[in-house]
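Geometric and topological summary
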Amino acid sequence: MDDLAGVLVPIFGILWLSGALKVLATKLPGASNHDTRALRDEVAALREEVRRLREENSTRILDLDTTLDQVDRRLGRLEVRGPAQESVEAVGRR
């Protein structure tokens, strides 16, 4: 039980301290509307970047799926032909 208390007390102390600092930071005169607006603009820019990266990721996944489907179809055609037919066609092309 002492080990648990030894772990929980510092954790709750850190949480309380971070909450107190957050409350103080919002009440300080330095935390103006301009800072909040700049922070919101930065968050909006980050959200836009995340949206763009997700869209790019989806496009790349679709491209990869399309490529894998094409390779699978090509492999299926080669398997249907068989090695004997391929060698006959290769000789005929020479």
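What this report covers is the structure whose coordinates are included nearby. Not measured: the values here are computed from a predicted model.

For the chain, the count of helices and strands is two helices and zero strands. Per element, the accessible surface of the chain, about 8800 Å² overall, is 62% carbon and sulfur.

Further remarks concern a nonpolar patch on the surface. A surface patch of nonpolar side chains, about 550 Å² in accessible area, is lined by Leu 4, Val 7, Leu 8, Ile 11, Phe 12 and Leu 15. By secondary structure assignment, the location of Ile 11 is in helix α1 (residues 2–27).

This part covers the pattern of salt bridges. For the structure shown, the criterion picks out four salt bridges. Residues Glu 56 and Arg 52 are paired through a salt bridge, measuring 3.5 Å at the closest nitrogen-oxygen approach. Here Glu 56 and its partner Arg 52 are both found in helix α2 (residues 33–93), four residues apart, which amounts to about one turn of the helix. For Glu 56, a relative accessible area of 32% puts it in the partly exposed group. The partly exposed category is assigned to Arg 52, whose relative accessible area is 41%. Between Glu 56 and Arg 60 there is a salt bridge, with its nearest N and O atoms 3.1 Å apart. Pair noted here: Glu 56 and Arg 60 are both in helix α2, with a separation of four residues, about one helical turn.

Cut-offs used in this document
Residues numbered from 1 in each chain as written. Predicted model: local features only at pLDDT ≥ 70, side-chain atom pairs only at ≥ 80, totals over all residues. Heavy atoms only, no water. Helix = DSSP H or I, 4+ residues; strand = E, 2+ residues; numbered from the N terminus. Areas by Shrake-Rupley, 256 points an atom, 1.4 Å probe, with all protein chains shown as cover. Patch = residues over 30% accessible without salt bridge, like charges linked within 9 Å, V, L, I, M, F, W, Y side chains within 5 Å. Salt bridge = Lys/Arg side-chain N within 4 Å of Asp/Glu carboxyl O. Buried < 20%, exposed > 50% of the residue type's maximum accessible area, 1.4 Å probe, protein only.

In short, shape yes, function no, at least from these values alone.
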